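This is what each chain is made of:
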Amino acid sequence: MGNEQKKRTGTMEAFKHKVVVDPNYADKTWKILEHAINEIYDQNASGLSFEELYRNAYNMVLHKFGDKLYSGLVATMTSHLQTMCKQIEASHGNEFLETLNGKWNDHNKALHMIRDILMYMDRTYIASTGITPVYGLGLNLWRDVVIHAENNQPRLQNTILELIYRERNGEVMNRGLMRTTIKMLMDLGPLVYQEDFESLYLKVSADFYRAESQEFIEVSDCGDYLKKAERRLSEEIERVSHYLDATTEEKITNVVEKEMIANHMLRLVHMENSGLVKLFLDDKFDDLRRMYKLFSRVSDGLSTIRKVMISHLRDSGKQLVTDPEKLKNRVEFVESLLEKRDKYDKIINSAFNNDKIFQNALNSSFEYFINLSTRSPEFISLFIDDKLRNGLKGVKEEDIETTLDKVMMLFRYLQEKDIFEKYYKQHLAKRLLSGKTACDDAERSLIIKLKTECGYQFTSKLESMFTDIKTSQDTMREFYAACGSELRNGPTLSVQVLTTGSWPMQSCGTCNLPPEMSILCEKFRAYYLNIHTGRRLSWHTNMGTADLRASFGSGQKYELSVTTYQMCILMLFNNADRLTYWGIEQVTEIPSSELKRSLQSLACVKGKNVLRKEPMSKNIGDDDVFSVNENFTSKLHKVKIGTVAAQKESEPEKQETRQRVEEDRKPQIEAAIVRVMKSRKVLDHNNIISEVTKQLQPRFLANPVEIKKRIESLIERDFLARDNKDRRLYRYMA
């Protein structure tokens, strides 16, 4: 027998418990939450259990009553906000904003508590449905029910704008209250701030400043108006910082700039007796600085100032360089230019923030009017000559450099720098030969500046002139060392041996030196040519000077510093008491114009009239008779008569200088044409003119007519040829 064991099989089932929800659960729970919301708005929230309220809201969402909870919240909040709205509407006068802000604070506090109670609904139900969260809902309802209420919206706008209007007119307002009001609008969202306040604020501000600027400009000068505009701009920026949104700053400043500055720019700069030109003339640096600062904020503002500045500079500069009185004195002429340049440099640096557009305007204006006068190159050179002769004595080295730098600034404006070079070379030669330069360091410093500006070619001959002076000093020491024993009792000779081509030599007539000087000169010639074979010496007596010892009737002795021509004249009176003009001319063979000028210096200049002339007159006649002025006296032992000094050219001399310059330009133009054609091979006429002009611009402004003549000359000499097919083209002939 066997016992069979029976297997038992079974299944596990979940515990089943049927949860029964009270059909009135949602209503009952909402009533609890609604009561709590009412208590919160009534500021009786101290007795509420927020934990219990949170659990109730949690359960409602959990049991799918989120829509009932949300819609109930909307209705309850709307009801309370409608009550608040009526209370706000009922407020009077200045209480309106205070009431509005008080109710906004109450609503905000309530909203934070309600949001905490309904936090679970925010995280689940609202997140899944995409509707507005509790806090955002509260803001939207405040906007729609309170702010956009039919009576509140225009009242709020008008109140804020009225307070700002009063503040603009000097009244004191409660900025703290205004700040909280504006912040409320900003908290409601950018669109609310912009649409309910900012857009209207900008429009009203534009109307205000349009009217005020029009009224003020009628009764103010330019300086006062600019101060008013600057103050208004600062006030608006300050207003934004105190109670408006930061994004409003750019918009409101644009309004002020347009209405107070942009719309009146032209009238301000051209205002009679106080506009921009008057500010320049009276050195109104503060007003100019204010104008630059304000005009730089608007479109075309700085260009408006620039145009007026250029027009004024050109007109006043043209008047300066064409003024006959200024042209009479070359030093005053150049000093006026330097003063004008310094004045506007200072304006640009201190008032215009050293702005490059004004620096360029200043440079272009100076270049324009300086080149209107053909005398500018000559006068600038004469000014330098005056300073380097005696104007820099006792001046500090840094001040000398400053003066030279200022002169170089004027030099840069010259279009005909080669004409300046001609005059400068003549004046430098006279300074070096007469030993009248006040400062060798200043002379060399200026040449270095010219070399830097124009290159080695411009100054190579000037540097050679200094070398000749140094070499001549060495030569004279060697001459007296070799021949000194033969020359002990005779006059002293100092010869400057100058290299032909480096010095601005002009052909001069012969002059018969006194016998004692003639013998001495011949000894030097023999000595020099013996050492330097193959060289040729020619005497330029018109450029020399001499020192003579003279005794007059009273027995008084003087040392006379004279030119070589004057020496030849005076030495004749060692052997004669009276001489006619004709007799002096026959013996000395001094050229007539130079002889008359020399005799005028000796006989017609008060205080230096060592000769007497009969008849007495300023002009020298062929029949005039000369004798020693035995009554001559002077407080000085050494009397300078007719010292070599740079004088303004006469008209014929000026024409001669111009002709020499034009002749010197021809090979330079031809060289530039060849350089251009050598690199380009084939080029049309207009492009040759353009490129040659550009190449030569650092030295002079080439005349297109002269360029054409030089092209024709080069064609004749087979450097260039016209193209067979197109006669407008030129070909370079290698």
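Look a little higher up for the structure.
Keep in mind the model is a prediction, meaning the values are calculated, not measured. (Residues numbered from 1 in each chain as written. Predicted model: local features only at pLDDT ≥ 70, side-chain atom pairs only at ≥ 80, totals over all residues. Heavy atoms only, no water.)

A.B. asks: It is not clear to me how the overall build of the protein chain should be interpreted in this structure. Could you clarify?
C.D. replies: Helix and strand content of the protein chain: 31 helices and nine strands. Overall size of the protein chain, expressed as C-alpha extent along the three principal axes, is 175 × 90 × 60 Å. Long-range contacts, defined here as pairs at least 24 residues apart, represent 70% of the contacts in the protein chain between residues at least 6 apart. Split by element, the accessible area of the protein chain, about 40,300 Å² in all, is 48% carbon and sulfur. If the 108 positive side-chain charges of the protein chain are averaged to one point and the 105 negative ones to another, these points end up 4 Å apart. (Helix = DSSP H or I, 4+ residues; strand = E, 2+ residues; numbered from the N terminus. Contact = heavy atoms within 4.5 Å. Areas by Shrake-Rupley, 256 points an atom, 1.4 Å probe, with all protein chains shown as cover. Lys, Arg positive; Asp, Glu negative; His and termini not counted. Charge placed at Lys NZ, Arg CZ, Asp CG, Glu CD.)

A.B. asks: Please explain the pattern of salt bridges as it appears in this structure.
C.D. replies: Counted by the stated rule, this structure contains 57 salt bridges. With a shortest N-O distance of 3.1 Å, Glu162 and Arg166 are connected by a salt bridge. Placement of both Glu162 and Arg166 in helix α8 (residues 152–168) is noted, with a separation of four residues, approximately one turn of the helix. Here Arg166 falls in the partly exposed class, since its relative accessible area comes to 34%. Across the pair Arg597 and Glu594 runs a salt bridge whose closest N-O atoms are separated by 3.1 Å. Here Arg597 pairs with Glu594, and both are found in helix α28 (residues 592–603), just three residues apart, close to one helical turn. (Salt bridge = Lys/Arg side-chain N within 4 Å of Asp/Glu carboxyl O. Buried < 20%, exposed > 50% of the residue type's maximum accessible area, 1.4 Å probe, protein only.)

A.B. asks: What am I meant to see in the sheet that holds strand β8 (residues 720–722) here?
C.D. replies: Spatially, the three strands line up as an open sheet ordered β7-β9-β8, and their pairing is antiparallel. The outermost strands of the open sheet, each flanked by one partner alone, are β7 (682–684) and β8. On average, each strand axis in the sheet is tilted by 30 degrees relative to the strand beside it, whichever way the strands run. Inspection of the sheet shows β7 paired to strand β9 (residues 729–732) by three bridges, in the antiparallel sense. By the bridge assignment, Asp684 is partnered in β9 with Leu729. Set on the sheet, helix α30 (residues 685–696) makes contact with β7 and β9; between it and β7 the angle comes to about 95 degrees. (Pairing = 2+ DSSP bridges. Axes fitted to C-alpha atoms, helices over the stretch in contact; angles between N-to-C directions.)

A.B. asks: Just to check I follow, could you spell out helix α27 (residues 581–588) for this structure?
C.D. replies: It helps to recall that an α-helix has 3.6 residues per turn; residues three or four apart then point in one direction. Regarding α27, the residues found buried are Tyr581, Gly583, Ile584 and Thr588. Looking straight down α27, one finds that the buried residues subtend no more than 165 degrees of arc, so they occupy a single side. If you follow the buried residues of α27, they end up packed against α26 (564–572), β3 (578–580), α28 and β5 (625–628). Where α27 ends, the next residue or the one after it, Glu589, has phi of about 60 degrees, a positive value. (Arc of directions from axis to C-beta.)

A.B. asks: How should the pairing of β9 be read in this particular structure?
C.D. replies: Of the two faces of β9, only one is covered, namely that formed by Tyr730 and Tyr732; the face formed by Leu729 and Arg731 stays uncovered. The pairing of β8 with β9 spans three bridges and is classified as antiparallel. Residue pairing for β9: Ala721 is matched across the bridge by Arg731. Taken together, β8 and the strand that follows it, β9, pair antiparallel across an intervening segment of six residues.

A.B. asks: Just checking my understanding: could you explain the packing of aromatic side chains for this structure?
C.D. replies: Aromatic ring pairs are defined here through the distance separating the ring centres and the angle between the ring planes. Inspection of every chain in the model, using the stated rule, returns 27 aromatic pairs. If you follow Arg314 out to its NZ or CZ, it ends over the ring of Tyr368, 4.4 Å from the centre. For Lys417, the ring lying beneath its charged end belongs to Phe411, and the centroid distance is 5.6 Å. (Phe/Tyr/Trp six-rings, centres within 6.5 Å; stacked < 30°, edge-to-face > 60°. Lys NZ or Arg CZ within 6 Å of the ring centre and 35° of its normal.)

A.B. asks: I'm lost on the nonpolar core in this one. Help?
C.D. replies: Phe295 and Phe352 are the most contacted members of the largest nonpolar core, which has 79 residues in total. The element best represented in this core is helix α18 (residues 330–350), accounting for eight residues. Each residue touching Phe352, except ones within four places of it in the same chain, is listed here: Phe280, Leu288, Tyr292, Ile305, Met309, Ile347 and Phe358. Judged by nonpolar contacts, the second largest core, of 62 residues, contains Leu53, Met60, Leu81 and Tyr193. (Core = buried A, V, L, I, M, F, W, Y, C linked by side-chain atoms within 4.5 Å.)

A.B. asks: In this structure, what is going on with α28? I would like to understand it.
C.D. replies: For α28, which comprises twelve residues, the first-to-last C-alpha distance of 16 Å matches the rise-based estimate of 16 Å (1.5 Å per residue) to within 8%. Those residues of α28 that fall on the buried side of the exposure criterion are Leu595, Ser598, Leu599, Ser601, Leu602 and Ala603. Elements that come into contact with the buried residues of α28 comprise β2 (557–563), α26, α27, β4 (611–614) and β5. (Expected span 1.5 Å × (residues − 1).)

A.B. asks: Sorry, what's going on with the environment of Val705 here?
C.D. replies: Relative to the assigned elements, Val705 resides in helix α31 (residues 704–716). Residues Val705 and Lys251, 454 residues apart in the sequence, show an inter-C-alpha distance of 58 Å.

A.B. asks: How do you make sense of empty space enclosed by the protein when you look at a structure like this?
C.D. replies: Rolling a probe over the atoms, with the probe sized like a water molecule, indicates the empty space that remains. Counted by the stated rule, this structure contains two cavities of 30 Å³ or more. By volume, the largest cavity is sized at about 40 Å³. What lines the largest cavity is simply Leu33, Ala36, Ile37, Leu53, Ile114, Ile117 and Leu118. With three residues, the top contributor of residues to the lining of the largest cavity is helix α1 (residues 25–41). Grouping the amino acids of the lining of the largest cavity by side-chain chemistry returns seven nonpolar, no polar and no charged. Within this model, the second largest cavity holds a volume of roughly 40 Å³. Around the second largest cavity sit Phe383, Ile384, Lys387, Leu388, Leu392, Thr403, Leu404 and Val407, which together line it. At the level of elements, α20 (376–391) and α21 (397–413) are the ones that each hand at least two residues to the lining of the second largest cavity. Looking at side-chain class alone, the lining of the second largest cavity contains six nonpolar, one polar and one charged residues. (1 Å grid on protein atoms, 1.4 Å probe; cavity = no way out; pocket = protein on both sides within 12 Å on 5 of 7 lines; lining within 4 Å. Points joined across faces, edges and corners; volume = space filled by probe spheres on them. Nonpolar A, V, L, I, M, F, W, Y, C, P; charged D, E, K, R; others polar.)

A.B. asks: So what exactly am I meant to see when it comes to the packing of helix α9 (residues 175–187) against helix α10 (residues 190–219) here?
C.D. replies: Here α9 crosses α10 at 125 degrees, and the two axes come no closer than 6 Å. Here α10 runs oblique to α9, going by the angle between their axes. Residues Ile182, Leu185 and Met186 of α9 touch α10, and the partners they reach there are Pro190, Val192, Tyr193 and Phe197. Classifying every residue of the contact of α9 with α10 by side-chain character gives seven nonpolar, no polar and no charged. (Parallel < 35°, antiparallel > 145°, perpendicular 65-115°, else oblique.)

From the geometry alone we can't say anything about function, so treat these as descriptive.
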